[in-house]
Amino acid sequence: MDSSRAFVKDVKRLIVKIGTAVVTRSDGRLAVGRLGSLFEQLQELNTQGYEVILVSSGAVGVGRQRLRYRKLLNSSFSDLQKPQVELDGKACAAVGQSGLMALYDALFSQLDVASSQLLVTDKDFKDPEFRNQLSHTVNSLLSLKVVPVFNENDAVSTRKAPYEDSSGIFWDNDSLAALLALELKADLLVLLSDVEGLYNGPPSDSKSELIDTYIKEKHDETITFGDKSRVGRGGMQAKVKAAACAATQIPVVITSGFTRDSILKVLQGKKVGTLFPTKSMLKEIVGSTKEISPRDMAVSARDCSRRLQSISSEERKKILLDVADALEANEAKIRVENEVDVAVAQQAGYEKALVSRLTLKPGKISSLAKSIRVLANMDDPIGQILKRTEVADELVLEKTSSPLGVLLIVFESRPDALVQIASLAIRSGNGLLLKGGKEAMRSNAILHKVITGAIPASVGEGLIGLVTSRDEIADLLKLDDVIDLVIPRGSNKLVSQIKASTKIPVLGHADGVCHVYIDKSADMSMAKKIVLDAKIDYPAACNAMETLLVHKSLLTFGQHVTGVTIFGGPTASKELSLPKVESFHHEYSSLACTVEFVDDVHAAIDHIHRYGSAHTDCIVTSDDEVADIFLKQVDSAAVFHNASTRFSDGARFGLGAEVGISTGRIHARGPVGVEGLLTTRWILKGNGQVVNGDEGIVYTHNNLPL
């Protein structure tokens, strides 16, 4: 087995496409001997347990040959002297299809193989229900070891000329084969031609050489195509276009349908034909160090997100459940990589707070998987009708929820953030680009590999891109035409730098300077419990308490918090003999905090507005009126009464997970879950209405039930 073809050992389901030039002889008649040899190979693969799907061209060519013969028999000598009118292509397709399938059925029957015919049109694939049913039908046939035979139903195609018009979802049987390979989750696509593969020039030219592995960057601009197929629609150029499309997700081989045992040789790993590898395969095959460009990565995320949006809600749910399962199945591998990151960070002398955020503690993977399953079982957020309005008679306007598009998330230290963000992107139908800190490089790489490995080929692993170079961030921040939102999660410096470097909207928070205010009426037992939890439950979290404000009548409160280093404001440092804090606006992210005394709730609110970060602030009090003042007047993303600031979290809020916490006031605020990653679209359904200067139309603007 050639090392470049080692992927064949994992192939179970393959699609074989045979072109018109393979199906017919040079005189237009069916090449029965050649087809017999090909069908023997398909029979052998079927026996070996492969799931074989056949896509066939040739119906128009076969039908044309038959109709020409019938026309000749029924023509007089004088008729033959007249100019001959070209036969209708759709009629040729209708006649040829029955003859072609009759032969295929006879050949398969001789080999004791059952086959089935499936005729499709471009329009069919625009219907999600058709696509779901198609997948179900094919899976049922393959489970019974039946070979499905696909062909475009040219006889009823709505295109002007099915063998010339290249518009639509697919434009010939080569592109149909590529579409089916992605749609039906095939492991390999084999396109059979009348030549050995793709050459760097016309095959008839003796100087042309066979390309064994197609590399777009190397070959795209240098290939010279010869004439199109003598009988088909597009020849090699159409095959290359289809192969390049399919190879975004699965490997493709173009090889000869004339060569003996060509399909078997491909499955044996022999170096025959031209391989169109996937990106991940290409790195292994040629050792390529050239990374995908930032723009290509962003465009790929956008394209994959659109495919994600087009599948059913249940399919999106299954992807998330598969991701959760994959994380748990690979926990040991993830822990190994994370332990290496932690060891390197400790050796490099990183702060304890950063090392803490970096560490995936025991039970963390299970907790993340649980959160993903909760997210998967939530109502589908995409396409929800938020409002219905009757604009005029028989003119209905709907406001619906829709994904934002492509998200760029830049985060530091925490590899668990990658999992939360990726799961939210999948649930909300968004494409995603991730850039983690270098200290979590190994953890992020293994998590990204596990998650994208659970994404089906029909959507594409390009849905979630992992940026590995700091230099790429600057290029990505320029792509305001492709990337729709940037969410930085990290230091004040990081967030500020990103905001100053891009035209793309930025959502996030620079600091997590959270306050707890203990009012004079507070239950002291409750207050101590809340303060301890807010500070020591997870000191490195952005929702941990950093400043404790205490009513001036409670001078002894907060003097002794076990294990916590306490700094004092001007009053507290004097009254409690504490080291004086340098700045009230300080995020410790460790077992340290600031304490200060204030006159009353209004002074506490003023302090929070002056020195806080509008993240999460809490009051502990038994006085409902004081609590109401605090809750109404503190202008933060989250404001709590008698509860720890640590509750400010997407999972604890029931959002399933969070992509971050926004302290801004536009679009989303507080823990940002699925809803924060959505926008809206307007859908207008009418019955031929026109504006025409608003003459003849009566606007009603009635609200309709959802």
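Here, the structure is the one placed above.
To keep things clear, this report deals only with the structure shown in the data block. Quick caveat, the model's predicted, so the values are computed rather than measured.

Look at helix α21 (residues 524-536): 18 Å from first C-alpha to last across 13 residues, which is about the 18 Å you get at 1.5 Å a residue. Residues of α21 that are buried include every one of Ala 527, Ile 530, Val 531, Ala 534 and Lys 535, and no others. When α21 is viewed along its axis, its buried side chains cluster within an angular range of 120° and face the same direction. Of the residues in α21, the exposed ones pointing more than 90 degrees away from the buried face are Ser 525 and Lys 529. Buried-residue contacts for α21 involve β14 (514-518), β15 (545-551), β17 (592-598) and β18 (616-620).

Moving on, we get to the packing of helix α13 (residues 313-329) against helix α16 (residues 364-376). At a minimum axis distance of 9 Å, the contact between α13 and α16 shows a crossing angle of 170°. If you check the angle between α13 and α16, you find them roughly antiparallel. On α16, the residues touching Lys 317, Leu 320, Leu 321, Val 323, Ala 324, Asp 325, Leu 327 and Glu 328 of α13 are Ile 365, Ser 366, Ala 369, Ile 372, Arg 373, Leu 375 and Ala 376. Of the residues that constitute the contact of α13 with α16, the class distribution is 10 nonpolar, one polar and four charged.

Attention now goes to the packing of aromatic side chains. This model, assessed by the stated rule, comprises six aromatic pairs. Look at Phe 39 and Phe 108: their rings are 4.4 Å apart centre to centre, the planes differ by 35°, and that puts the pair in the tilted class. Pair noted here: Phe 39 is in helix α2 (residues 32-47) and Phe 108 is in helix α5 (residues 89-110), with a separation of 69 residues, a long-range link. There is no split in this pair, since Phe 39 and Phe 108 are both buried. Clustering of aromatic rings is evident, with ring pairs tying together Phe 39, Tyr 104 and Phe 108. Geometry around Phe 258 places Arg 34 over its ring, the cationic atom sitting 3.8 Å from the centre.

The buried count for strand β9 (residues 395-403) comes to seven of nine residues, which makes it a mostly enclosed element. As paired elements, strand β8 (residues 385-392) and β9 share six bridges and run antiparallel to each other. By the bridge assignment for β9, Lys 387 is matched with Lys 399. Where β8 folds back onto β9 in an antiparallel hairpin, the turn is made up of two residues, including Glu 394, whose phi is positive at roughly 60°. Here β9 pairs with strand β22 (residues 678-685) via eight bridges, running antiparallel.

Here seven strands make up an open sheet; going across it, the order is β3-β4-β2-β1-β5-β6-β7 and the pairing mixed. Bordering the open sheet on either side are β3 (115-120) and β7 (274-276), each of which pairs with just one other strand. Mean inter-strand twist for the sheet, computed between neighbouring axes without regard to direction, equals 20°. Pairing of strand β6 (residues 252-256) with β7 involves three bridges; the strand directions are antiparallel. By the bridge assignment for β7, Ile 254 is matched with Thr 274. Strands β1 (13-18), β2 (51-56), β4 (147-152) and β5 (188-193) of the sheet are contacted by α2, whose axis makes an angle of about 155° with β2.

Turning next to the nonpolar core. Residues Leu 327, Ile 409, Leu 432, Leu 434 and Ile 464 are the most contacted members of the largest nonpolar core, which totals 50 residues. In terms of residue count, helix α17 (residues 415-428) provides more of this core than any other element does, eight residues in total.

Let's shift gears to the side chain of His 448. With respect to the secondary-structure elements, His 448 resides in helix α18 (residues 441-453). Classification of His 448 as buried rests on a relative accessible area of 17%. Among all residues touching His 448, those that are not within four sequence positions of it are Leu 418, Ile 464, Gly 465 and Leu 466.

We now examine the pairing of β6. Extensive coverage of β6 is indicated by the burial of five of its five residues. Summarising the sheet, β5 and β6 pair through five bridges and their orientation is parallel. From the neighbouring strand, Ser 193 faces β6, where its bridge partner is Ser 256.

In this section: the sheet that holds β14. The strand order across the open sheet built from six strands is β16-β17-β15-β14-β18-β19, with neighbouring strands paired in parallel fashion. Looking at strand neighbours, the two that pair on one side only are β16 (565-568) and β19 (638-641), the edges of this open sheet. Within the sheet, the average angular offset between the axes of one strand and its neighbour, ignoring direction, is 20°. As defined by bridge partners, β16 adjoins β17 across four bridges and the pair is classed as parallel. When the sheet's bridge partners are listed, Thr 565 is paired in β17 with Ala 592. Seen against the sheet, helix α24 (residues 624-633) touches β14, β18 and β19 and runs at an angle of roughly 175° to β19.

Now for the side chain of Ser 589. Within the secondary structure, Ser 589 sits in the loop between α22 (570-576) and β17. When its relative accessible area of 11% is taken as the criterion, Ser 589 is described as buried. Contacts of Ser 589, omitting those with residues within four sequence positions, involve Ala 353, Arg 357, Pro 539, Ala 540 and Glu 546.

Below, the discussion takes up the pattern of salt bridges. The full count for this structure, using the stated rule, is 24 salt bridges. In this structure, Lys 535 engages Glu 546 in a salt bridge whose closest nitrogen and oxygen atoms are separated by 3.0 Å. Here Lys 535, found in helix α21, pairs with Glu 546, found in strand β15; they are 11 residues apart in sequence, far enough to count as distant. Glu 546 shares its class with Lys 535; the two are buried. Shared partners join several salt bridges into a network, and the residues in it are Lys 12, Arg 13 and Glu 51.

Two elements in contact, α17 and α18, have axes separated by 9 Å at closest approach and are oriented at 25°. Considering their axes alone, α17 and α18 lie roughly parallel with respect to each other. Handedness of the α17/α18 crossing: right-handed. On the side of α17, the interface is formed by Pro 415, Leu 418, Val 419 and Ala 422, while α18 contributes Ser 443, Asn 444, Leu 447, His 448 and Ile 451. Tallied by class, residues from the contact of α17 with α18 come to six nonpolar, three polar and no charged.

Unusually for a residue other than glycine, Asp 112 sits at a positive phi of about 60°. Checked against the element boundaries, Asp 112 lands in the loop between α5 and β3. Judged by its relative accessible area of 73%, Asp 112 is exposed. For Asn 692, which is not glycine, the phi torsion reads 50° and is therefore positive. Relative to the helices and strands, Asn 692 resides in the loop between β22 and β23 (699-704).

The rules behind each value
Residues numbered from 1 in each chain as written. Predicted model: local features only at pLDDT ≥ 70, side-chain atom pairs only at ≥ 80, totals over all residues. Heavy atoms only, no water. Helix = DSSP H or I, 4+ residues; strand = E, 2+ residues; numbered from the N terminus. Expected span 1.5 Å × (residues − 1). Buried < 20%, exposed > 50% of the residue type's maximum accessible area, 1.4 Å probe, protein only. Arc of directions from axis to C-beta. Contact = heavy atoms within 4.5 Å. Axes fitted to C-alpha atoms, helices over the stretch in contact; angles between N-to-C directions. Parallel < 35°, antiparallel > 145°, perpendicular 65-115°, else oblique. Nonpolar A, V, L, I, M, F, W, Y, C, P; charged D, E, K, R; others polar. Phe/Tyr/Trp six-rings, centres within 6.5 Å; stacked < 30°, edge-to-face > 60°. Lys NZ or Arg CZ within 6 Å of the ring centre and 35° of its normal. Pairing = 2+ DSSP bridges. Core = buried A, V, L, I, M, F, W, Y, C linked by side-chain atoms within 4.5 Å. Salt bridge = Lys/Arg side-chain N within 4 Å of Asp/Glu carboxyl O. Left-handed = near helix turned anticlockwise from the far one by under 90°.

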